[in-house]
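Here's the letter readout for the chains.
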Amino acid sequence: TARLAGWFPFWVAVALMCLIQLGNIFGLVGFALFVGVGAYFRQKVRLDFGMETGGATVCVDCLSYTFCPCCSVAQEAQQYEDAWAVAHPVAKQVSAMARETVSR
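Since we're looking at a predicted model, the values are computed, not measured.

Undergrad: Go over the packing of helix α3 (residues 28-48) against helix α5 (residues 69-85), please, and point to the residues and values.
TA: It is at 11 Å that the axes of α3 and α5 come closest, and there the two elements cross at 25 degrees. With respect to α5, the element α3 is oriented roughly parallel. Where α3 crosses over α5, the handedness of that crossing is left-handed. Side by side, α3 and α5 meet where Phe34, Gly38, Arg42, Lys44, Val45 and Asp48 of the first sit next to Pro69, Ser72, Gln75, Glu76, Gln79 and Tyr80 of the second.

See the structure below:
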């Protein structure tokens, strides 16, 4: 999801998630960090696709990452994969950003 959205390269996203999971070993603080980072990027997905952000959606996103983080990640990935499949403007924008980064 992070790669398709143009946020991070794949291995940077994997490293970030590993660090967050290490934080989970330390209890509630690590778990709160995990939920916070997940909700933050879920808000970015909403923003990318012109969906409602802020307010109640932040609570919904936090609950989503609290009770079913695997479902949340899968849903975000599916959103971007479907966007690529139908050439949604978000996919075109990310593709242009990726080409720009490679040409540098």
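Back to the write-up after that little detour.
Undergrad: Before we move on, can you summarise helix α4 (residues 56-67) with the specific residues and values?
TA: Across its 12 residues, α4 extends 17 Å between first and last C-alpha, which sits within 8% of the 16 Å expected from 1.5 Å per residue. Among the residues of α4, Thr57, Asp61, Ser64 and Tyr65 are the ones counted as buried. Along α4, the residues classed as buried sweep out an arc of 90 degrees about the axis, all on the same side. Seen from the open side of α4, the exposed residues pointing more than 90 degrees away from its buried face are Ala56 and Phe67.

Undergrad: So what's going on with the nonpolar core? Residues and values would help.
TA: With 6 residues, the main nonpolar core is built from Val45, Phe49, Tyr80, Ala83, Val90 and Ala91. Broken down by secondary-structure element, the contributors of at least two residues to this core are α5 and α6 (89-103). Setting aside residues up to four positions removed in sequence, Val90 forms contacts with Asp48, Phe49 and Tyr80.

Undergrad: Before we move on, can you summarise the pattern of salt bridges with the specific residues and values?
TA: Where charged atoms from two side chains of opposite charge come close, those side chains can pair. As enumerated under the stated definition, the model contains 3 salt bridges in all. A salt bridge links Asp61 to Arg46, with the shortest nitrogen-to-oxygen separation between them at 3.0 Å. Placement of Asp61 in helix α4 and of Arg46 in helix α3 is noted, with a sequence separation of 15 residues between them. Judged on exposure class, the residue Asp61 and its partner Arg46 are both buried.

Undergrad: Describe unusual backbone geometry, listing the residues and the values that go with them.
TA: For Ala87, which is not glycine, the phi torsion reads 55 degrees and is therefore positive. Here Ala87 lies in the loop between α5 and α6. Accessibility expressed as a relative area gives 40% for Ala87, which makes it partly exposed.

Undergrad: Help me get a handle on the packing of α3 against α4, residues and values and all.
TA: Packing of α3 against α4 brings their axes to within 8 Å, and their N-to-C directions diverge by 125 degrees. It follows that α3 is oblique to α4 by the angle criterion. The crossing of α3 and α4 is right-handed. Across the interface between the two elements, Phe31, Phe34, Val35, Gly38, Ala39, Arg42, Gln43 and Arg46 from α3 touch Thr57, Val58, Val60, Asp61, Cys62, Ser64, Tyr65 and Thr66 from α4. Among the residues forming the contact of α3 with α4, the class breakdown is 8 nonpolar, 5 polar and 3 charged.

Undergrad: Describe the packing of aromatic side chains, with residues and values.
TA: Taken as a whole and assessed by the stated rule, the structure comprises 3 aromatic pairs. Summarising the aromatic geometry, the rings of Phe34 and Tyr65 are spaced 5.9 Å apart at their centres and angled 75 degrees between planes, so their arrangement reads as edge-to-face. With a gap of 31 residues between them, Phe34 in helix α3 and Tyr65 in helix α4 connect regions that are remote in the sequence. A residue is classified by how much of its surface remains accessible, and Phe34, at 7% relative accessible area, is buried.

Rules of the game
- Residues numbered from 1 in each chain as written.
- Predicted model: local features only at pLDDT ≥ 70, side-chain atom pairs only at ≥ 80, totals over all residues.
- Heavy atoms only, no water.
- Axes fitted to C-alpha atoms, helices over the stretch in contact; angles between N-to-C directions.
- Helix = DSSP H or I, 4+ residues; strand = E, 2+ residues; numbered from the N terminus.
- Parallel < 35°, antiparallel > 145°, perpendicular 65-115°, else oblique.
- Left-handed = near helix turned anticlockwise from the far one by under 90°.
- Contact = heavy atoms within 4.5 Å.
- Expected span 1.5 Å × (residues − 1).
- Buried < 20%, exposed > 50% of the residue type's maximum accessible area, 1.4 Å probe, protein only.
- Arc of directions from axis to C-beta.
- Core = buried A, V, L, I, M, F, W, Y, C linked by side-chain atoms within 4.5 Å.
- Salt bridge = Lys/Arg side-chain N within 4 Å of Asp/Glu carboxyl O.
- Nonpolar A, V, L, I, M, F, W, Y, C, P; charged D, E, K, R; others polar.
- Phe/Tyr/Trp six-rings, centres within 6.5 Å; stacked < 30°, edge-to-face > 60°.

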